[in-house]
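Tertiary structure, described
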Amino acid sequence: MPGSSNASDAPSRLPAAVLWDMDGTLVDTMGDFVVAINLMLRDLGYPLVDRTVVAVRVGKGSEFLVRSVLNYVESQSIHVQPAPDNIAIVERALDVYQQHYRAINGQHAQVYAGVLDGLAALQKAGLKLACLT
C-alpha cells in the first residue's frame, strides 16, 4: 500500500556501538559501597549500617552518600559525635570513605548473571562496546 510503512519493510539495523554503565548495570557493586561506608563509620566511631541503608543512598555521588549515611546514623541514636552537618566532619568522613573505597574497590562486587554471555553475544554480532562509569 503506497504511503504506508511496515516494520517488516524496514532494513534490520543494529547500532554501531553500545555504551554501558558499569555500577549497578553490569556489576553489582553495592557490596563495595557497604564495606567502605562501614569501615568509615568504624574509624569515626559511629555504629555500622546494613546494605539497605546504603542502597537507598547510592547514585548521587560520594559526598551525598557519606553525608546522608552520617545523617541517618545520627537520627537513629544519641551519639557523642558532633552533628554531621558540620563541614569539617563531612570532609573528614568523605576522605576516610574514599581511602577505604580505593583500597577495597572490586573486592565485594559481582558481575550480574548473564552479563558476560550477553556482552559476548553483542561483540560477536559486531557491535563496538564501551563501558562508562
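Now for a description of the structure that goes with this document. (Residues numbered from 1 in each chain as written. Predicted model: local features only at pLDDT ≥ 70, side-chain atom pairs only at ≥ 80, totals over all residues. Heavy atoms only, no water.)

A closer look at the overall build of the protein chain
- In terms of helices and strands, the protein chain carries five helices and four strands.
- Taken from the N to the C terminus, the helices and strands of the protein chain come in the order β-β-α-α-α-α-β-α-β.
- For the protein chain, the proportion of its 133 residues judged to be buried stands at 31%.
- Looking at the protein chain alone, contacts between residues at least 24 apart form 71% of all its contacts between residues at least 6 apart. (Helix = DSSP H or I, 4+ residues; strand = E, 2+ residues; numbered from the N terminus. Buried < 20%, exposed > 50% of the residue type's maximum accessible area, 1.4 Å probe, protein only. Contact = heavy atoms within 4.5 Å.)

Digging into the nonpolar core
- Of all hydrophobic cores here, the largest spans 24 residues; its most connected members are Ile37, Met40, Leu41, Val49, Val54, Val66 and Tyr97.
- Mapped by element, the contributors of at least two residues to this core are α1 (30-44), α2 (51-55), α3 (62-76) and α4 (87-104).
- With eight residues, the top contributor of residues to this core is α1. (Core = buried A, V, L, I, M, F, W, Y, C linked by side-chain atoms within 4.5 Å.)

Focus: the pattern of salt bridges
- Following the criterion strictly, the structure yields four salt bridges and no others.
- Two residues, Asp43 and Arg42, come together in a salt bridge whose shortest N-O distance is 2.7 Å.
- According to the relative accessible area criterion, Arg42 is partly exposed, its value standing at 49%.
- For the salt bridge of Asp95 with Arg92, the shortest nitrogen-to-oxygen distance reads 3.9 Å. Pair noted here: Asp95 and Arg92 are both in helix α4, with a separation of three residues, about one helical turn.
- The class for Arg92 is partly exposed, based on a relative accessible area of 46%. (Salt bridge = Lys/Arg side-chain N within 4 Å of Asp/Glu carboxyl O.)

Re the packing of α3 against α4
- With their axes 10 Å apart at the nearest point, α3 and α4 run at an angle of 115° to one another. With respect to the hand of their crossing, α3 and α4 are arranged in right-handed fashion. Here Ser62, Glu63, Leu65, Val66, Arg67 and Leu70 of α3 lie close against α4, whose contacting residues are Val90, Ala93, Leu94, Tyr97 and Gln98.
- Of the residues that constitute the contact of α3 with α4, the class distribution is seven nonpolar, two polar and two charged. (Axes fitted to C-alpha atoms, helices over the stretch in contact; angles between N-to-C directions. Left-handed = near helix turned anticlockwise from the far one by under 90°. Nonpolar A, V, L, I, M, F, W, Y, C, P; charged D, E, K, R; others polar.)

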